[in-house]
Amino acid sequence: MEEQVLKVQKIKNGIVIDHIPCGMALKVLKILGIQGDIGSTVTLAMHVKSRHGWKDIVKIEDRHLDEREIDKIALIAPRATVNVIEDYRVVKKHRVEVPEVVRGIVRCMNPRCITNQREPIEPEFYTVSKEPIIIKCKYCGREMGPEDIVENII
Ligand code: CTP
Ligand code: ZN
């Protein structure tokens, strides 16, 4: 455990998204719209040993997440925690939760779905399974899995 502390530095201010399933860290960045030049320091740790197997961690300095962003993270990292760090201390720990209804954060992948027509209706899905996540479009019945969801996050 001591080694791990050295490998992954603590941050002063910002957020730590912890307990991300192994291999999903880059997708978390994608979902948050974090690409090359964002003006804050991002640290990724992939395949880190934890109490329960392996995990990824994403640390973003000087950044906050809103509820909507936390909901998006839940879709691909259902056991993640979002830690708010202030002056090196964890001042808040959100446990993300996969919602029963996913509204307005994922686009239906069926191009003919009514939610993708000229007068769009806000997309809405029911959660069929939480781990692995499967959501089903309320309008056309199309089911989407983790990869589909990442590609269609709004
Ligand atoms: N962390 C950090 N910088 C800080 C404080 C914490 O990067 N200044 C990281 C820790 O390394 C850890 C996460 O934020 O990955 C949560 O910290 P903490 O709540 O102290 O750890 P645990 O108690 O192990 O959290 P949990 O019970 O959620 O696993
Ligand atoms: Zn649909």
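Predicted model, so just to flag it, every value in this text is computed and none were measured.

Draft legend 1. Focus on the site of ligand 1. In the vicinity of ligand 1, the contacting residues are Lys10, Ile11, Val16, Asp18, His19, Arg51, Lys59, Asn83, Ile85, Tyr88, Val90 and Lys93. Arg51 is positioned such that a nitrogen or oxygen atom in its side chain is 2.7 Å from an oxygen atom of ligand 1. Bound to the protein, ligand 1 loses 73% of the 600 Å² it would expose on its own. Looking at the shell around ligand 1, the elements with two or more residues in it are β1 (14–21), β4 (81–86) and β5 (89–95). No other element matches β1, which puts 3 residues into the shell around ligand 1.

Draft legend 2. Local environment of the pattern of salt bridges. Under the criterion given, the structure shown has 9 salt bridges. Between Lys55 and Asp18 there is a salt bridge, with its nearest N and O atoms 2.8 Å apart. In this pair, Lys55 sits in strand β3 (residues 53–61) while Asp18 sits in strand β1, placing the two residues 37 residues apart along the sequence. The exposure class assigned to Lys55 is buried, which follows from its relative accessible area of 9%. Where Glu147 meets Lys27, a salt bridge forms, and the shortest distance between an N and an O atom there is 3.0 Å. Highlighted residues: Glu147 in helix α4 (residues 146–151) and Lys27 in helix α2 (residues 25–31), separated in sequence by 120 residues.

Draft legend 3. Spatial organisation of the side chain of His94. Topologically, His94 is positioned in strand β5. We classify His94 as buried; its relative accessible area is 18%. His94 has contacts with Glu67, Ile70, Ala80, Thr81, Val82 and Val84, leaving out every residue within four places of it along the chain.

Draft legend 4. Seen up close, helix α3 (residues 67–76). Of all the 10 residues making up α3, 7 are buried; the element is thus mostly covered by neighbouring parts of the structure. Every buried residue belonging to α3 is among Glu69, Ile70, Lys72, Ile73, Ala74, Leu75 and Ile76, and all of these are buried.

Draft legend 5. The arrangement of the sheet that holds β5 in detail. Taken in spatial order, the 5 strands make up an open sheet running β2-β3-β1-β4-β5, and their pairing is antiparallel. Edge positions in the open sheet fall to β2 (42–50) and β5, since each of these has one partner strand only. Strand-to-strand twist of the sheet, defined as the mean angle between neighbouring strand axes without regard to direction, takes the value 20°.

Conventions we followed
Residues numbered from 1 in each chain as written. Chains lettered and ligands numbered in written order. Predicted model: local features only at pLDDT ≥ 70, side-chain atom pairs only at ≥ 80, totals over all residues. Heavy atoms only, no water. Near = heavy atom within 4 Å. Polar contact = N/O pair within 3.5 Å; in protein donor to acceptor, adjacent residues only side chain to side chain. Areas by Shrake-Rupley, 256 points an atom, 1.4 Å probe, with all protein chains shown as cover. Helix = DSSP H or I, 4+ residues; strand = E, 2+ residues; numbered from the N terminus. Salt bridge = Lys/Arg side-chain N within 4 Å of Asp/Glu carboxyl O. Buried < 20%, exposed > 50% of the residue type's maximum accessible area, 1.4 Å probe, protein only. Contact = heavy atoms within 4.5 Å. Pairing = 2+ DSSP bridges. Axes fitted to C-alpha atoms, helices over the stretch in contact; angles between N-to-C directions.

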